[in-house]
Structures are given as C-alpha cells and as structure tokens.
Amino acid sequence: MTSAVVIGGGVSGLVAAWRLALLGRAVEVFEATDDFGGAVCPQLLGGKVIDAGAEAMGIARPSGLELFSELGLSDVVVYPRRTDARIATPQGLQKLPPGVLGVPASTDDPLVAALLNEEEIQRARAERDVTITSEMSVDDVVGGRLGSAVVQKIVDPVVMGVHAAASDELEFTTLFPGMDSLIEQEGSLVGAAAKMRGGLGPSGSAVASLRGGMNQLTARLVDACVEVGVKLNVNTPVGGLERLENCWRINVDMVGVSHADTVVVAVPPTVAAKLLATSAPHLAEQVAALRTTSVKVVHLLVHSPELDLQPTGPGLLVRRDRMDVAAKALTHSNAKWAWWEDLLSPHEHVLRLSYGRSHQFASNVTDGLTDEELLAKAENDARNLLGVRKRFYVRASTVTAWPGSLAFAAPGHSKKVAHIAESVQAIPGISLLSSPLAGNGLAGVVAFAQAEVSRIASTHQGEVP
C-alpha cells in the first residue's frame, strides 16, 4: 500500500484525502487550525448554526451534485426558494436579469431595459465583434461587445459580489471558462450566455445547498474520511517539505517527521510558497505571485416585522455608484433557504452582508475598522438596502474574516496557472490545491481536487522507505 499526506483540511484537502483512500492509499491529513472545512464551517448566531463562509455550491458543472450523491447527502440537498435577486442602484432596487455572471441572456429582456436607457440598449443589441485573448479583462470583452453601460450597470455588481474585484481588474477567460468557444458557436456573447445558462432558470437558481447549511458537507466529508481509514489531525501545522530520492519528508510541528510518496498541498498560496521554498524554489516563486483578496462576512439576526415581506427577495448585489453602502452584497438567508423557517421565531430574519474589495477600492470600504465599527456599518447598510427604518432590532451578530480567501484573477492569470501546472507535473509525487488554481466557488474547488487525485493516482510513485 502506498501512502499520502494531505497538508490542509479544507474541503479540497478532505476531498483529496477521501478520494486517495478510496483508491487504496494510506492517507494522513495535517490541519493547522482546530477544525476542518476551511471556509465551509459552522458558526453560532444567537444560538443558531449558520455558515460562516460558503453557503452554497454552483451546479452549472456536475461535480457538486455528484459529490453530494456520493456522500449520501442527496436527501438533504436544497435549492433557493426565491431567485429574484436585485441590484442596488442609486435609484433603488432593480431585479437582476437572467444571464451568466451578469452578462444578460437576452438584450430584449424587460429586466435589462429597466437597468439601461434606450441608447445603451441599442448599443448592446448592436453587439460588436471582439477577438478574445487571455490578457483581456471582463470589461475589455463585455464592454467592447455590449457597451460600457452593460458592464457598469449589470455585470460589475455581480462580478464584485462574487469575486470582490471589479470587471476591469479580472480576466475574462478565467471568470467565463468556455465562453470564448460558445461565442464562436453562437455568433454573439449574448447568445453564448443564453446557451450557457440553458435550462438553469432565473438568475440565482444555479446553486444548491444542504438543509442546515453547507457546513453539513464538511461534517460528512470528515465522517467519510474516517470511514475509509484516513488519519485526521488538527492543530498540527506543517513546518517544511523536503523531496528525498524517492519520497517526501514532511516536518510536522510538535509531532515530528513523516514520510510519504505523495503529498497534497491544500493550503493558501502564501503558506504553500513557504513550504515549497527549499525543494521547489521555482514553483514556490510562481505560487507566491498568485494574488488573492480578503473578505469579511457579517451576519445579523434581526427582529423586523417589515422584513416578513422579503423586500429584496433572496438578496442583492450593490452597484459601485451606490455610495451610501459599503457592503458588496446582502443575502436575506431565510428568504433564500426554506429550511430556516423551522428555526426562527416570528418576525426573525437572518441577514448576511459581504465586505471586502480589491486594492483600488480600499478607501471606499472597511479596511481598518474594528469588528464593533463594522457591525455598526453593517446594520446601517442593511437598513439602507432593505429600506427599513423602524422596528428593526439586531438580536445577535457575528463578524468572520477570511484573509486571502478569494482568487484575484487579473488578466494573465490563466497563463500563470498553466505554468504552475507544468511545474507541479514536473515534480514527482506532489499536488497543489491552493484555491487560486481552481478559481472561486466550491464546485470548481471540488472538481479541481478530484482531477488532481486522478492525475497523481495515474502516476507511478516510489516506495516509502
């Protein structure tokens, strides 16, 4: 039997460990913190369990639902009960048109007309041909084809809400994988968006979660790992890696030395770069160059009869010119997920506000605020966005910081990722699962971890001494 060590017990690390064990490997996981799951973890809000980080998984690709099925979670898979998300504009709230990451699936949609003036609509309908390269931003492609108004008024708030960066900062081909081929097939970006959207329904419907929250995924992955014999360790940071002649030497702080023919590095880029500095300095340098963005998530448990009407549907995305609000997105959790109804008292609501934008917006958001100051801002933001001034009482609140949690995929990112993949494949017995390589979103993380397990499983490894 061969052996593998997984450094990092987030979802990607747990998926990799479980898959490797199913293939007959003896697997050990070292997690530096006191719990597993990374950003897919539970937190208490007024005695109620919430998702501190990721709350859903995209289902546009099959990896997420397939994982739920394999783990025996199909019976608790849930879908949003409301999908009528809004964009918060200076003029008020407007429904988000169906599309792909804000790119509308039709320029004749009345929801598009509600966000654009007549001249901007005509510009969008007269789509211009733009040759796409990996160095082009979302703004370059979408703005060049449909006009800058489509980017500023529709696409940018969605991109900002999901990726915490602006459309002119992020690479089109990374955020819209496969879209360039669809554009060639369909003859237009709008046609490609309609094709990619397919039968997924209204905006916001192409996601799924679990009854009780996505944290149930982590709990089940931990159980699945134990069932197949994976040895799990918490509070055990790894201090260094060394490539020997036919295996890896792993220096585990406060534990000692471990050896394995395969090592899976499932930690953030800064940590991975330090671990690889000695044995793979070129790869370490490439990984260190990957950029990320930090975010904070605020949860509010509020008592508000006015919110019983669910005025924003499942939530909203905030446009840049909405200057009275610092949040980039708000989710009305119990409007979005029906399972909350059994847990909340009358007139109770769970609100989730997201903060954190790329460096060019640092002066516009929440850098340097204490948690107490951020909570005060979040309450004010919620009141402004929801239009509620009276009978709005915060009963409990939490702030969760996620440093470097989102990939910052600037133009040229896909080339960096390709070069890193080549460097990884040139080193025996190693896989690198740092999140910027998989992109933002759990479905991509899961798919990437599974693909890496298949790759390293198909490669012959040396025996452990």
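What you see is a predicted model, and the numbers here were worked out from it, not measured in a lab.

With that settled, consider the pattern of salt bridges. Counted by the stated rule, this structure contains 20 salt bridges. One salt bridge connects Asp156 with Arg320, and the closest N-O pair in it is separated by 2.7 Å. One end of the pair, Asp156, is in helix H6 (residues 148-163); the other, Arg320, is in the loop between strand S18 (315-318) and strand S19 (329-332), and 164 residues separate them in sequence. For Arg320, a relative accessible area of 34% translates into the label partly exposed. Arg220 is the partner of Glu227 in a salt bridge, and the nearest nitrogen-oxygen pair spans 3.2 Å. Residue class for Glu227 comes out exposed when judged on its relative accessible area of 57%. Several salt bridges share partner residues, and in doing so they unite Lys48, Glu348 and Arg395 into one network.

Enumeration over the complete set of coordinates arrives at zero disulfides. Cys225 takes part in no disulfide bond, and the closest cysteine sulfur, belonging to Cys41, lies 17 Å away.

Moving on to the packing of aromatic side chains. Summed over all chains, the structure comprises two aromatic pairs. Where Phe172 meets Phe176, the ring centres are 4.8 Å apart and the plane angle is 15 degrees; that geometry is what we call stacked. Residue Phe176 is classed as buried on the basis of its relative accessible area of 1%. Seen in terms of ring centroids, Trp339 and Trp340 are 4.8 Å apart; in terms of plane orientation they differ by 20 degrees. Their pairing is stacked. Each member of the pair, Trp339 as well as Trp340, carries the same accessibility label: buried.

Across the sheet, which stays open at both edges, the five strands sit in the order S12-S2-S1-S16-S22 with parallel pairing between neighbours. Either end of the sheet is taken by a strand with one partner, and the two such strands are strand S12 (231-233) and strand S22 (430-432). With direction set aside, neighbouring strand axes in the sheet form an average angle of 15 degrees. With five bridges joining them, strand S1 (residues 3-7) and strand S2 (residues 26-30) adopt parallel strand pairing. In the strand pairing of S2, Val6 is matched with Val29.

Here we come to the environment of Leu374. By the secondary structure assignment, Leu374 is in helix H14 (residues 371-386). Taking relative accessible area as the criterion, Leu374 reaches 1% and is therefore assigned buried.

Turning our attention to the packing of helix H5 (residues 138-146) against H6. Close contact between H5 and H6 brings their axes to 6 Å; oriented N to C, the two are set at 120 degrees. Comparing the axis directions of H5 and H6 gives the class oblique. Taken together, the residues of H6 that come into contact with H5 (itself represented by Val138, Asp139, Val142, Gly143 and Leu146) are Ser148, Val150, Val151 and Val155. A breakdown of the residues in the contact of H5 with H6 according to their chemical character gives six nonpolar, two polar and one charged.

The rules behind these values
Residue numbers restart at each chain and count upward from 1, following the sequence in its written direction. Given that this is a predicted model, residues contribute local features only at a pLDDT of at least 70 and side-chain atom pairs are listed and counted only at 80 or more, while totals for whole chains, interfaces and linings are drawn from all residues. Side-chain descriptors were evaluated using all non-hydrogen atoms of the structure, hydrogens and water having been removed beforehand. Salt bridge criterion: a side-chain nitrogen from Lys or Arg within 4 Å of a carboxyl oxygen from Asp or Glu. Here a strand is any run of E in DSSP of at least two residues, a helix any run of H or I of at least four, and the numbering for each starts at the N terminus. Each residue gets one of three labels from its accessible area relative to the maximum for its type: buried under 20%, exposed over 50%, partly exposed in between, using a 1.4 Å probe on protein chains only. In plain terms, two cysteine sulfur atoms within 2.5 Å form what is called a disulfide here. Each aromatic pair joins two rings of Phe, Tyr and Trp (for Trp, the six-membered one) with centres within 6.5 Å, and gets the label stacked for planes under 30 degrees apart, edge-to-face for over 60, and tilted for any other angle. Any two strands are treated as partners once DSSP identifies two or more bridges connecting them. Simply put, an axis is a line fit to the C-alpha atoms, just over the touching stretch for a helix, and the angle between two N-to-C directions goes from 0 to 180 degrees. By definition in this entry, angles of less than 35 degrees are roughly parallel, angles greater than 145 are roughly antiparallel, angles of 65 to 115 are roughly perpendicular, and the rest are oblique. Throughout, a residue-residue contact means that at least one pair of heavy atoms, one from each residue, lies within 4.5 Å. Three categories are distinguished: nonpolar for Ala, Val, Leu, Ile, Met, Phe, Trp, Tyr, Cys and Pro, charged for Asp, Glu, Lys and Arg, and polar for the others, with Gly belonging to the last.

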